[in-house]
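So you can see what is in the structure, the chains are spelled out below.
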Amino acid sequence: MTSSDVVILGGGPGGYAAAIRSAQLGLSVVLIDEAEIGGTCLHRGCIPTKALLHAAEIADAARTAAQFGVNATFDGVDPEKLYGFKNTVVSRLHKGLSGLIAALGITVVNGRGRLTGPTTVEVDGTTITGRSIVLATGSAPKVPGAIEMSDRVLTSDQALELNRIPESAIILGGGVIGVEFASLWASFGTKVTVVEALPRLVPNEDVAISTYLERLLRRRRITAKTGARVTAVKSDDEAVQVTLESGDVLNADVLLVAVGRAPRTVGLGLEEIGVTVDGGLVVTDDELRTSVPSVYAIGDIVGGLQLAHRAFQHGIFVAERIAGRDAELVADAGIPRVTYCHPEIASIGLTEEAAREQYGDGVETVTYDLAGNGRSQILKASGAVKLVVDPAGAVVGVHMIGAGVSELIGEAQLLYNLGVKAAEAARFVHAHPTQNEALGEALMAVSGAPLHLHG
Ligand code: NAD
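- Going by what an unreviewed UniProt entry lists, the protein is known as Dihydrolipoyl dehydrogenase and is assigned to Mycolicibacterium mageritense.
- Looking at the protein in UniProt, the text filed under Sequence similarities (unreviewed entry) is "Belongs to the class-I pyridine nucleotide-disulfide oxidoreductase family."

**A few points about the UniProt feature "domain: FAD/NAD(P)-binding" (unreviewed entry) in the protein**
Point 1. Per the UniProt record, "domain: FAD/NAD(P)-binding" (unreviewed entry) is annotated on residues 5–315.
Point 2. Within the segment residues 5–315, helix and strand shares are 32% and 26% respectively, and the terminal C-alpha atoms sit 15 Å apart.

**A closer look at the sheet that holds strand β13 (residues 240–244)**
Point 1. A sheet is described by the order of its strands in space; here three strands give the open sequence β12-β13-β14, paired in antiparallel fashion. The open sheet is flanked by β12 (230–235) and β14 (249–252), the only strands paired with a single partner. Within this sheet the neighbouring strands show an average axis-to-axis angle of 15°, counted without direction.
Point 2. With four bridges connecting them, β13 and β14 associate as antiparallel partners. Paired with Gln241 across the bridge in β14 is Asn251.

**Things to note about the environment of Glu122**
Point 1. Looking at where Glu122 falls in the secondary structure, it is placed in strand β5 (residues 120–123).
Point 2. Residue Glu122 is classed as partly exposed on the basis of its relative accessible area of 34%.
Point 3. Residues Glu122 and Leu268, 146 residues apart in the sequence, show an inter-C-alpha distance of 9.8 Å.
Point 4. Residues within four places of Glu122 in sequence aside, it is in contact with Arg112, Gly113, Arg114, Thr116 and Thr127.

**A short note on helix α6 (residues 176–187)**
Point 1. Along its twelve residues, α6 runs 17 Å from first to last C-alpha, staying within 8% of the 16 Å computed at 1.5 Å per residue.
Point 2. All of the buried residues along α6 are Gly178, Val179, Glu180, Phe181, Ala182, Ser183, Leu184, Trp185, Ala186 and Ser187.
Point 3. Positive phi appears at Gly189, one or two residues downstream of α6, with a value of about 105°.

**Points about the packing of aromatic side chains**
Point 1. Considering all chains together, one arrives at two aromatic pairs under this definition.
Point 2. Taking the centre distance of 5.8 Å and the plane angle of 65° together, the rings of Tyr16 and Phe312 count as edge-to-face. Of this pair, Tyr16 sits in helix α1 (residues 13–24) while Phe312 sits in helix α8 (residues 308–322), placing them 296 residues apart in sequence.
Point 3. The class for Phe312 is partly exposed, based on a relative accessible area of 27%.
Point 4. Note that Arg215 overlies the ring of Tyr212, its terminal NZ or CZ placed 5.1 Å from the centroid.
Point 5. Here the guanidinium or amino end of Lys380 rests over the ring plane of Phe68, the centre of that ring lying 5.7 Å away.

**Observations regarding a negative patch on the surface**
Point 1. The grouping of Asp151, Asp236, Asp237 and Glu238 at the surface amounts to a negative patch.
Point 2. Examined against the element boundaries, Asp236 turns out to sit in the loop between β12 and β13.

**Some points on the nonpolar core**
Generally speaking, soluble globular proteins have nonpolar side chains that are buried together.
Point 1. Leu115 and Leu135 are the most contacted members of the largest nonpolar core, which has 44 residues in total.
Point 2. Taken together, the elements giving at least two residues each to this core come down to β1 (2–9), α1, β2 (29–33), α4 (79–103), β5, β6 (126–135), β19 (295–297) and α8.
Point 3. Take this core: its biggest share by element is five residues, from α1.
Point 4. Dropping the residues within four chain positions of it, Leu135 is found in contact with Leu9, Leu115, Leu270, Val295, Tyr296, Ala297, Ile298 and Ile301.

**Notes on the packing of helix α3 (residues 46–64) against α6**
Point 1. At a minimum axis separation of 8 Å, α3 and α6 run at an interaxial angle of 40°. Relative to α6, α3 is oriented oblique. Remark: the crossing between α3 and α6 carries left-handed chirality. Along its contact with α3, which presents Thr49, Lys50, Leu52, Leu53, Ala56, Ala59, Asp60 and Arg63, the element α6 presents Glu180, Phe181, Ser183, Leu184, Ala186 and Ser187.
Point 2. In terms of residue class, the contact of α3 with α6 is made up of seven nonpolar, three polar and four charged.

**A look at the pattern of salt bridges**
Point 1. Overall, the coordinates contain 17 salt bridges when judged by the stated rule.
Point 2. Among the salt bridges present, the one from Lys386 reaches Glu352, with a minimum N-O distance of 2.7 Å. Of the two residues, Lys386 sits in strand β23 (residues 384–389) while Glu352 sits in helix α9 (residues 352–359), which places them 34 residues apart along the sequence.
Point 3. Via salt bridges that share partners, Asp206, Glu352, Arg356 and Lys386 belong to a single interconnected network.

**Observations concerning the site of the ligand**
Point 1. For the ligand, the set of nearby residues contains 20 residues, the closest of which are Ile177, Glu180, Glu196, Gly260 and Val338.
Point 2. A distance of 3.2 Å separates an oxygen atom of the ligand from a polar atom in the backbone of Val176.
Point 3. Between the ligand and Gln306 there is a distance of 3.2 Å, counted from an oxygen atom to a side-chain nitrogen or oxygen.
Point 4. Contact with the protein chains hides 78% of the accessible area of the ligand, taken as 840 Å² for the molecule alone.
Point 5. In terms of residue count, the dominant contributor to the shell around the ligand is α6 (three residues).
Point 6. Here the residues of the shell around the ligand are counted per class, giving twelve nonpolar, four polar and four charged.

Cut-offs used in this document
Residues numbered from 1 in each chain as written. Predicted model: local features only at pLDDT ≥ 70, side-chain atom pairs only at ≥ 80, totals over all residues. Heavy atoms only, no water. UniProt positions renumbered as here; feature names shortened; annotations may be inferred. Helix = DSSP H or I, 4+ residues; strand = E, 2+ residues; numbered from the N terminus. Pairing = 2+ DSSP bridges. Axes fitted to C-alpha atoms, helices over the stretch in contact; angles between N-to-C directions. Buried < 20%, exposed > 50% of the residue type's maximum accessible area, 1.4 Å probe, protein only. Contact = heavy atoms within 4.5 Å. Expected span 1.5 Å × (residues − 1). Phe/Tyr/Trp six-rings, centres within 6.5 Å; stacked < 30°, edge-to-face > 60°. Lys NZ or Arg CZ within 6 Å of the ring centre and 35° of its normal. Patch = residues over 30% accessible without salt bridge, like charges linked within 9 Å, V, L, I, M, F, W, Y side chains within 5 Å. Areas by Shrake-Rupley, 256 points an atom, 1.4 Å probe, with all protein chains shown as cover. Salt bridge = Lys/Arg side-chain N within 4 Å of Asp/Glu carboxyl O. Lys, Arg positive; Asp, Glu negative; His and termini not counted. Charge placed at Lys NZ, Arg CZ, Asp CG, Glu CD. Core = buried A, V, L, I, M, F, W, Y, C linked by side-chain atoms within 4.5 Å. Parallel < 35°, antiparallel > 145°, perpendicular 65-115°, else oblique. Left-handed = near helix turned anticlockwise from the far one by under 90°. Nonpolar A, V, L, I, M, F, W, Y, C, P; charged D, E, K, R; others polar. Near = heavy atom within 4 Å. Polar contact = N/O pair within 3.5 Å; in protein donor to acceptor, adjacent residues only side chain to side chain.

Below, the structure written as structure tokens:
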């Protein structure tokens, strides 16, 4: 029997952040994972996808080089090198993370853990005891019951290991994963059709962002079928066939199922020891404590945004609380959201619709088109920055689309989380020429003093 201050189940961004901070604060830690430390984010999510998306950007740069007076041609993709590049990035980061965990004296146990009591976890017949237990088991792709997986019907897990560029792809789900894969495959020459059940792509974003995205993806010859329902999926050695309720029949090389991710909470012994689970999600109080006081839950198994950086903050927060420190959590609305498709989407706070529901008619908005921003013109980046301001003048929503806008979310998150008034922020100087000036222009415009804004 091993005993420690903190036992953490799951070594993804939530679990390993909790482990690192606990160890830094002098606590003894056991970190249990059945796979490699780093979780979905490092091995099957954020990092490998963004590595492929960076390569996609290079393909686009080569393809469009002539527009900038540079002679270059896009001659195709070498899948072995492409996937090799992605794997190298992942393995370097994994090595670095493993080194950090070892240096901090964290005990890593490889195996599948199961709670057997409020302070005990069993792994392969061995009981591990912890004064506190942190559940951080993450999520896995959802697959509708009617869809049978095959070599051609993939989730993002398999798509990241495909090791070839599909000739054509149907993507089920026009949320974050759906549009990121649509974007990267289209850059590599795949003919992409996205099928989204709701009336617009990225339905969690402000309506204006979906409208821009649909237009900009159309320009990239990505087809989006919104408000579309699938009635049948068939696949064989040759192709996959998807039938829509409208009667349309789509054929492609592969189908990517990207309809959300489900929390991984089955078979952990949660209900048996009294941890309340609702619809697969672990129920917690505001301090991420479950119905069993010694057990905390963090990350994707807790209802809300499923984002690696939310899991990081959860992990740090519970470690500090377990160590007896004061700590505060940023609520989900204050967590930056970035979709790394081309063009990128970055947002924080409330959509216009949500702000109007909360604050009524006194809500002001302004949309600054990147066409007026010098740096964006140089980069040939189309898009916009939209600000939502409450009746008191505070910035309650920032919604951006365009190549490079992910880098603007840092300022946006300060505006939102510190409750800064737009007029106050508008007096600050934004370096010229940067895309950041678009945010500055939007702040000036919404405060009634636009500079480079027509009409
Ligand atoms: P999502 O919830 O973002 O999108 C799923 C989409 O599928 C929704 O738009 C939904 O309306 C649609 N859908 C559901 N059932 C459908 C059906 N039967 N037919 C057609 N459409 C259907 O989920 P996701 O894209 O799978 O991503 C999962 C989670 O991972 C999300 O919470 C996402 O935020 C997170 N994630 C984040 C990033 C990032 O931060 N860049 C990247 C990847 C994933």
